[in-house]
Amino acid sequence: MKVLLVNDSAAVRQVQRQIMTQLGITQVMEANRCSDANDTLLNFNADLIVIDADTQRKSGMTFIRDYRATGGKASIILLTGDTNRRRLVEAIKSGVNSYLIKPFTVDALLQRVQDTVTRFAAVQA
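Below you will find a few notes about this structure. (Residues numbered from 1 in each chain as written. Predicted model: local features only at pLDDT ≥ 70, side-chain atom pairs only at ≥ 80, totals over all residues. Heavy atoms only, no water.)

Topic: the layout of surface pockets
Roughly 170 Å³ of internal volume is contained in the largest pocket. Lining the largest pocket are Ala-53, Asp-54, Ser-59, Met-61, Leu-78, Thr-80, Asp-82, Arg-87, Leu-88, Glu-90 and Ala-91. Residue assignment for the lining of the largest pocket shows that the elements contributing at least two residues are strand E4 (75–80) and helix H4 (85–94). For the lining of the largest pocket, the leading source of residues is H4, giving 4 residues. Partitioning the lining of the largest pocket into residue classes produces 5 nonpolar, 2 polar and 4 charged. (1 Å grid on protein atoms, 1.4 Å probe; cavity = no way out; pocket = protein on both sides within 12 Å on 5 of 7 lines; lining within 4 Å. Points joined across faces, edges and corners; volume = space filled by probe spheres on them. Helix = DSSP H or I, 4+ residues; strand = E, 2+ residues; numbered from the N terminus. Nonpolar A, V, L, I, M, F, W, Y, C, P; charged D, E, K, R; others polar.)

With respect to the side chain of Ser-98
Here Ser-98 is to be found in strand E5 (residues 98–101). Exposure remark for Ser-98: the relative accessible area of 9% places this residue in the buried category. Setting aside its immediate chain neighbours within four residues, Ser-98 contacts Ile-76, Ile-77, Leu-78, Arg-112, Thr-116 and Arg-119. (Buried < 20%, exposed > 50% of the residue type's maximum accessible area, 1.4 Å probe, protein only. Contact = heavy atoms within 4.5 Å.)

What to know about unusual backbone geometry
For residues other than glycine, phi is negative in most cases, and the peptide bonds are mostly trans. The step from Lys-102 to Pro-103 runs through a cis peptide bond, and the omega angle for that step is -5°. As for its placement among the helices and strands, Pro-103 is situated in the loop between E5 and helix H5 (106–124).

Structural notes on the sheet that holds E4
Strands in a sheet are paired, the pairing made by backbone hydrogen bonds, and the direction either parallel or antiparallel. On the basis of which strands lie adjacent, the open sheet formed by 5 strands has the order E2-E1-E3-E4-E5 and parallel pairing. Looking along the sheet, the strands with just one partner apiece sit at the ends: strand E2 (27–31) and E5. Ignoring which end each strand starts from, the neighbouring axes of this sheet average 15° apart. By the bridge criterion, 4 bridges tie E4 to E5 in an arrangement that is parallel. Each bridged residue has a counterpart across the sheet, and for Ile-77 the counterpart in E5 is Ser-98. (Pairing = 2+ DSSP bridges. Axes fitted to C-alpha atoms, helices over the stretch in contact; angles between N-to-C directions.)

Overview of the environment of Arg-65
Within the secondary structure, Arg-65 sits in helix H3 (residues 60–69). As for Arg-65 and Ile-49, which are separated by 16 residues in sequence, their C-alpha atoms are 13 Å apart.

Re helix H1 (residues 10–22)
An ideal rise of 1.5 Å per residue puts 18 Å on 13 residues; H1 measures up with 18 Å between its terminal C-alpha atoms. Among all positions of H1, only Arg-13, Gln-16, Ile-19 and Met-20 are buried. The buried residues of H1 occupy one face: seen down the axis, they fall within an arc of 115°. Set apart from the buried face of H1 by more than 90 degrees, the exposed residues are Thr-21 and Gln-22. Count one or two residues on from H1 and you reach Gly-24, which has phi positive near 85°. (Expected span 1.5 Å × (residues − 1). Arc of directions from axis to C-beta.)

Okay, here's the thing in structure tokens:
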């Protein structure tokens, strides 16, 4: 499984990378901004994207809509501080497979990634 982490916080990306390592996922790329994520996806066919809703210059939601509009198939976990139900429904309609409300614990992110990886494996079987 290939994972792309999109977050403007290097510390958060480091924790996320450690979680991927715990799950045995070794093919992990990182992007500081959505534009970097777009560039990375040109050469890295991610199976899972973990993206922060509030990234620099371009929102995570805009990235997700654009990614899905171009046929992007990776599973997406959105990290967001927004608990507005309408916006969360909009996120799901835009192509988010799962979301996690900030602040969250490492265990919560680990569980969400495990659930998403399990679903991905079931679809691939």
